[in-house]
Structures are given as C-alpha cells and as structure tokens.
Amino acid sequence: MFKNHFKTAVRNFLRRKDYFMLNMIGLSVGITCWLLILQYVSYEKGYDAFPKADRIARLTLDNYQQGKLDWQSAAVYPAFGPNMKKDFPEVENYCRLAATELLLSNDEHNIRANESKGYYADPSFLSMFDIRMLKGNPQTALDGLDKIMLSEDLAKKYFGDANPLGKTLVYRAPFTTKIFEVSGVFTPPSHAHLVINYLISYPTIGSFRRQFGDLSSPEETSWGWYQFYTYLLMKPGIDLKKLEEKFPAFCDRYINHLDWKKAGGIKNEVHLMPLKNIHLHSHYMQEAEINGNEQSVSFLFLVSFFIIGIAWVNYVNLSTARSLERAKEVGVRKVAGATRSSLVVQFLIEGILLNLIAFAVALSVASFIAPGFSKLTGNILPTTFRLTNQYRVLAGGILLAGTLLSAVYPAFVLSAFKPATVLKGLFKNSAGGLLLRKALIVVQFTASIVLIAGTIIVYKQLRYMRSQPLNVNIKQTVVLEGAGSPKDSVYQQAFQPFKNAVLQLPGVKSVTASTSVMGRENFWANNIPRSGTSNSNPVTLYYLGVDYDFIPSYEIKVVAGRNFSKHFPSDSNAALLNETAVRMLGFNDPKQVINQKIGSGITIIGVVQDYHTEALHKAIDPQLIILRTNARNVYSVKIETANVANTLADIRTKWNANFPADPFSYYFLDEAFDKQYKADKQFGAAFGFFSCIAIVIACLGLLGLSAYSVLQRAKEIGIRKVFGASTENIVRLLSKDFVKLVLIAFIMAIPVAWWVMQSWLQQFAYHIKISWFVFVIAGATALLIALITISFQAIRAAVANPVAALRSE
C-alpha cells in the first residue's frame, strides 16, 4: 500500500511540476536559512562546554556608592576564593586568574615579543577546566614561584621543535628582571570565553612585591584589588540560587564592615555567573574577552522561525488553494471505493515526502554555503556545517513537528470533499478555508514588515553610531605599544631622543605618550569625594596619565581653564576633568571647578569637552586626566596621509635605535576603534540578508496564490473582458483583495516591530529614536513587493484571450 502511495505522490509531483518547484524552492530555502541560523545559535550557546562546566560558576562584583549601583566587574578581590571555600561547604574548589601582558625573550635564540592573553593562575585551574597537557606534570606545573606554561603555538615560537621543559624565558620590566622556568605545554581551551596563550604560577604575583620588601601578600588577602577572575567548583547537586542567598552576610562579614568602605559609603555585593552563561550574558567591566550578545542571537533565532514558518505557511496555502484542481481527483477516488483514511494517508505522504526532499536539498545547500556564512558572521563559525547534539535533537523535533503540521491540514481538507458535489461541478472553496488562507497571508506579511522595519532600524543605528562626532581626532594616528624594557631611571634618556627623532621625520606631525588610548577599556579608577562633602560621598573617576602634548595632538577641546604646561611646575600635582566628571562632582559650570582641590589635594586646572574613549555602546565615563611625563604604555604618532609606508619604516628605524630590546608593534587607531562595531556590522548584515530571504519566500507564496486566484476566476475575467473591462480594471480587481491583507498586516506589524526593536536599542548608551517614517517605509516596501508579485499574474490574465476561458461555455 505504501509503495502505491509513494508512486502516486511522485506522479503528482511530475504532473504538476510548477507547483512542486514553487513549494520545493520555498521550503528548501526556508529550511536552509533556518539550519544556518541554528548552527550560529548552536555555536554561540555552546561556549565553555568543559566536562565540569555545569558545576562551575564565576564570581562577579557589584559596587554601590550611597545606595546606587556604581559599577559591575567580571573580576573580583583575590580573597574571595579561599574564604568562600572555607565558609561554604557547597564549594568543592576554586581557582583565580589574573590577566597579564609580558615582554618575553629567549636570549639564546634572540627571540622577543610582547605576549598578551597570559594569566597568573592557581594550580587548581588545570584540573577544574580539564586543561589538556602535552608536556609537563599538571600536579606541579603551576606549583611554586616563577613557573610558566606555554600554549603549543607559543612553545614552538620560542623553542621550535625542541623540548621546552626546564628551559627559561626572561621577562624584563622597568623595575625588575624575572626568569621563568617552562614547566609545561598545553592545548588552550577552544570555543571558550577565555583565550589563553600562557599561564604563570599564581604565587609569582607576590614575588614581585616581595622583591621590594612588601610582605603583605595582597594577592591572597586584599578586599580592594579587583583584578582576579575567580571560579568556584560546586559539589554535585548544588543549587546556585540558594548558595547565592548566603552571599550578602558573607560580604558584610568580610568586606562591608571595613572602615574605608564605610567611610566612603561603599558596599559590595557578589553574584554567581554560571560558566556556560558567561559568553552571552556577561557584559561587565574587565571582561577577559569581548563576549557575544544574547539579544542579537535571540533576534536571529526569531528570524529563523519567521523564515521557516513563512515557508510552511506557503505550503499550506498553496495546497489548500489547489483544492479545486484536486477535487475531481478526490471525487473519482471515492467513487472508486477509496476511504477517507486512505486519502488522508496519500496526502500526508505527499506532504512529508515533499518536506523530506526539501530538507535533503537544504542540508546539501547549507553544507555548501557554510564557508560563506562563516565569513558573514566574522569567521567565528566552523567552515563545515555542524550542530551540537542538543541542537540536532531540537532541529529534528522542530522539522518533524513542522512537517506533520503543515501536511496534516491540507490532507484533511482535501480528503473531506463529497464526491456527489464535486462530480456535479457544484464544489466551491469553503468560507473557512478562504479565511484561513487570508489569515496566513496576513501572518506572513506581518512578519515580513517587522523584518523590513527591523533591518532599517539596525542600519540606521549602525550609521548613527559611526557618524556621531567623537570630539577627539583619531584619524591619521599610529599607536605604538610602549617600550617596557628600559629601567625607570634611564627611561627618559631613551624616550626623549626617540620622540625628538620621530618628530623630525617629514611625515610626522606630533608624538605623545599616555597610559591608555581611545578604543581600550580603562581600569585605572579611584573614589574621589564630591564637591562640598566629606569622604562619605565619593564618585568613581577613571584616571588617564598623559604628557604635555596629548590634549593638542588629539585636538581635545579645553572648555575651561588650561592644558598642562611646562611653564607650571606645580602641574605635577594638577589634573583636568571631563564635563561628565564635573557634573558628578557637583559643579554646575566647568568654570566653577577651576583651581578647586579634590581627592588628596589635586588641583583642577582645566576641563575638557566630553569625548568618547570607547564605542557608543557605552556612556562616557567621568575622567580625571593627570600629568605623567614618564607614561610608557602607548605612544601616539600623528602622521601625514602621504607616503605612509615610508613614514612607518622610518619610525621603525628610530625605534630600533632607541629601544633595541623591545619589539616594534603598531596599529592604526581609527581602524582599531572601528573594530568595536564589527559585531554590530555582522549582525546587521546577517539580519538584513535573512530578512530579504524571508520576504522572497513570502513573495513565492503570494505568486502561487495569485496564480491560483487567476485560475479560479478565469471565466469571470473572460466575461468582464467581453463586456469591455480594461487591463487596468482587471489588474485592480485581482490585486485589491491581496492589498487589503497587506494593509492589515501593516497595522499588526507596527506595535510588534516597535516593541522588538526598542528592546534591541536599549543595549546602546546612545541610540536613535524610532521614527514613524520607518514603519511607513517598511509598509510601503512590503506593499510594493506584493503589488509587483501579484501584477505579474494579473497582467498575464488581463491580456489573455477571453475566448480560451469561455470556450467550454
């Protein structure tokens, strides 16, 4: 029986090739897009899949001042870990990581480089995160002082194919020289919120301080130094929410009672962030890496269901619209003895077979275009199509449910026809069926209009962020990583000759040194009392150390007072504020703060206009700019646009002459700053692309429905033409019903689109206001697309010879 049903289904497909291809294209394109987005969602939600991941959580720190949340940090105080293990039996173990960047060198092979993505790590990190060791003993590799573990790539970089165990790397800092023993080689965790190139034994942090007689061990006991990522390994079966309920008492016992905290009106809270949630849900200060965006992932996931939903709606609409065409077939089959159940099975097999073929095509297409889709998402995805086991089950379940649901309704509709009515030619489409098809068209175009409006808003927001004035000139700026090897006592003897030599180059306009630069997150902060208050009412200000040339080099406007000057020796204890800091300190006018003393006697000599140090996702921080003539973190070189390559080569020559022990490393500031919008641009591109696909699929369905509408009304059109109806009259007649449905969809789409996109915009500190004109454009676009689609069939019907339609009459 099944074999006969299968053969009949194949014959029907071959007999109605246009219907088959229309459904095939719609379903396969819809399923392909859905699978690709599902792969993206699967990848983004699959971070940190370590064997013990379900039992690991990271601590996060909230800082309150005067009862108001001041900041939230992904890093916490180092004393949290050991004390939580001691106080809470639920905690099985803990580990701490402290980020570092070091200038490492292999003097034997004359290899040196600034190495980032390094961490001081507790020995327990290796077992908690199941780090794969290629060489060395995981029990002892991070136990003791001055030990370093290298990633496989870093080991090859410094030691080639030789065994690095027991060999040494030298770290030269302005204040000391440290020799590290290589104690292990490991495979860095992939697809994780941490990118790790090397690990240094945790006690080494304290050894730097102990070299200079500081025996306080703040890396173990500090409740004020928040630089440490702290992870807790829970015992099996622990409820994180119940454990977190005990944290307020813990914080009061260890932190909030401290005199300096109470005097400053400071209160700390600590929370747990499950390890697997970090990548998409953690967006605090001092994140180890730029994390993903749960909202963007959810939006694309929603778009994928719009797409596949529209494809299935098309199938249902086209199947039920063809009921007149297949009614006689059903009548004849019933007269010949076919039961309704056998007809239901026949139509179900047709629907399921069509969906299976579309799925097979979609799987092949998804595998073929996976590399291109990876580029669209910023090359974060594998170039081969794959889903995690969890999402394979989800994909299978949704495809099975969607296939059955989309096949069941047409099967029952088509099998319900009465043979006597059908064979007498008295059959008409039911009012209920027509109403359902109209409702489904409205749903399709509601989704399409929401997607069009969403695409417009996404692109307007991206353009807004990139076009807003930063109030600082970052163009034509080369940023050099500062020289770390010269000792403090001789640093100026090396830097000043370098600066003077570079300034003499024909393509160079200015050179300035600072502790940070635009595009980098600034962690250097301190609590400063507000104007006219005691120490019990401070605000957090973010420090920036600069030399005399920083403000004019970056063309930052001084709105009150003056810049630092060599003519005022007292400027060594002076500072500038930005406008945000002035307001937060309680001054209404920038001029009021000039010559005022804040903090530990710092004199304010000037106020600069607010300028953006990071992308417009983040509000401008209150900033305190201090004079640091020995700043060496970064050097900013303003250059001419002509002969950039020659200018860079000349700068490199001067660098090597003055800092022979430091590698020459640079980047262009405007390009680096623009990279902060990379994820947004990729989201916009993906959102726009898939929105277009959804609209195309909706139009395919509309094309099929309009074709069947023309077929059903062929005699009516013929009669109207005989009685003198023009082509314009016929087109208007066939289009008006569909236009009404699109207008209804437009009305329904407006509140949905506004709510969804307003929620998306809230993640930006600076964002556009959604204009009513966006919805007008989205609705007009959808209407235009619908009219073009419908007119194709309407015009064909209007210009056709009416004799052909009326010949049988």
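Just above, that's the structure.
Attention in this report is confined to the structure presented alongside it. (Residues numbered from 1 in each chain as written. Predicted model: local features only at pLDDT ≥ 70, side-chain atom pairs only at ≥ 80, totals over all residues. Heavy atoms only, no water.)

### Let's talk about the packing of aromatic side chains
The full count for this structure, using the stated rule, is 39 aromatic pairs. Pairing Phe 373 with Phe 690 gives two aromatic rings, centres 5.7 Å apart and planes at 70°, and the pair type is edge-to-face. You can see Phe 373 sitting in helix 14 (residues 340-376) and its partner Phe 690 sitting in helix 24 (residues 678-712), a full 317 residues away along the chain. According to the relative accessible area criterion, Phe 690 is buried, its value standing at 0%. Ring pairing ties together the aromatic residues Trp 71, Tyr 77, Phe 80, Phe 88, Trp 223, Tyr 226, Phe 247, Phe 250 and Tyr 254, which thus form one cluster. One Lys or Arg, Arg 562, reaches over the ring of Phe 568 and ends 3.8 Å from the middle of that ring. (Phe/Tyr/Trp six-rings, centres within 6.5 Å; stacked < 30°, edge-to-face > 60°. Helix = DSSP H or I, 4+ residues; strand = E, 2+ residues; numbered from the N terminus. Buried < 20%, exposed > 50% of the residue type's maximum accessible area, 1.4 Å probe, protein only. Lys NZ or Arg CZ within 6 Å of the ring centre and 35° of its normal.)

### Side note on empty space enclosed by the protein
In the structure shown here, the tally under the stated rule is six cavities of 30 Å³ or more. Size it by volume and the largest cavity reaches roughly 160 Å³. Lining the largest cavity are 17 residues, with Arg 520, Asn 522, Tyr 611, Thr 613 and Gln 623 sitting closest to its centre. Tallied by class, residues from the lining of the largest cavity come to eight nonpolar, five polar and four charged. (1 Å grid on protein atoms, 1.4 Å probe; cavity = no way out; pocket = protein on both sides within 12 Å on 5 of 7 lines; lining within 4 Å. Points joined across faces, edges and corners; volume = space filled by probe spheres on them. Nonpolar A, V, L, I, M, F, W, Y, C, P; charged D, E, K, R; others polar.)

### Examining helix 22 (residues 644-658)
An ideal rise of 1.5 Å per residue puts 21 Å on 15 residues; helix 22 measures up with 21 Å between its terminal C-alpha atoms. Of all the residues in helix 22, the buried ones are Thr 647, Leu 648, Ile 651 and Trp 655. Looking straight down helix 22, one finds that the buried residues subtend no more than 95° of arc, so they occupy a single side. What points out from helix 22, more than 90 degrees from its buried face, is the exposed set Ala 645 and Ala 657. (Expected span 1.5 Å × (residues − 1). Arc of directions from axis to C-beta.)

### Some words on unusual backbone geometry
One non-glycine residue with positive phi stands out, namely Asn 110, at about 55°. The topology assignment puts Asn 110 in the loop between strand 3 (91-106) and strand 4 (111-121). With a phi close to 60°, Asp 146 is a non-glycine residue in the positive phi region. Its place among the elements puts Asp 146 in the loop between strand 5 (132-135) and strand 6 (147-151).

### Regarding the nonpolar core
If you look at the biggest cluster of nonpolar residues, it comprises 114 residues, and the most contacted ones within it are Met 518, Phe 550, Tyr 611 and Ile 625. Among the elements that make up this core, the one with the highest residue count is helix 2 (residues 17-44) (15 residues). Among residues more than four places away in sequence, those in contact with Tyr 611 are Leu 470, Asn 471, Val 472, Met 518, Leu 544, Phe 550, Ile 556, Ile 620, Gln 623 and Ile 625. (Core = buried A, V, L, I, M, F, W, Y, C linked by side-chain atoms within 4.5 Å. Contact = heavy atoms within 4.5 Å.)

### So, helix 5 (residues 152-159)
Every buried residue belonging to helix 5 is among Leu 154, Ala 155, Tyr 158 and Phe 159, and all of these are buried. The buried residues of helix 5 occupy an angular sector of 105° when the element is viewed end-on, so they sit on one face. Positioned one or two residues after helix 5, Gly 160 has a phi angle of 65°, which is positive.

### Topic: the pattern of salt bridges
Inspection of the entire model under this criterion finds 22 salt bridges. Salt-bridge contacts for Lys 276 lead to Asp 54; the nearest nitrogen and oxygen are separated by 3.2 Å. One end of the pair, Lys 276, is in the loop between strand 11 (266-274) and helix 11 (278-281); the other, Asp 54, is in the loop between helix 2 and strand 1 (56-65), with 222 residues separating them in the sequence. Of the residues examined, Lys 276 reaches a relative accessible area of 39% and is grouped as partly exposed. (Salt bridge = Lys/Arg side-chain N within 4 Å of Asp/Glu carboxyl O.)

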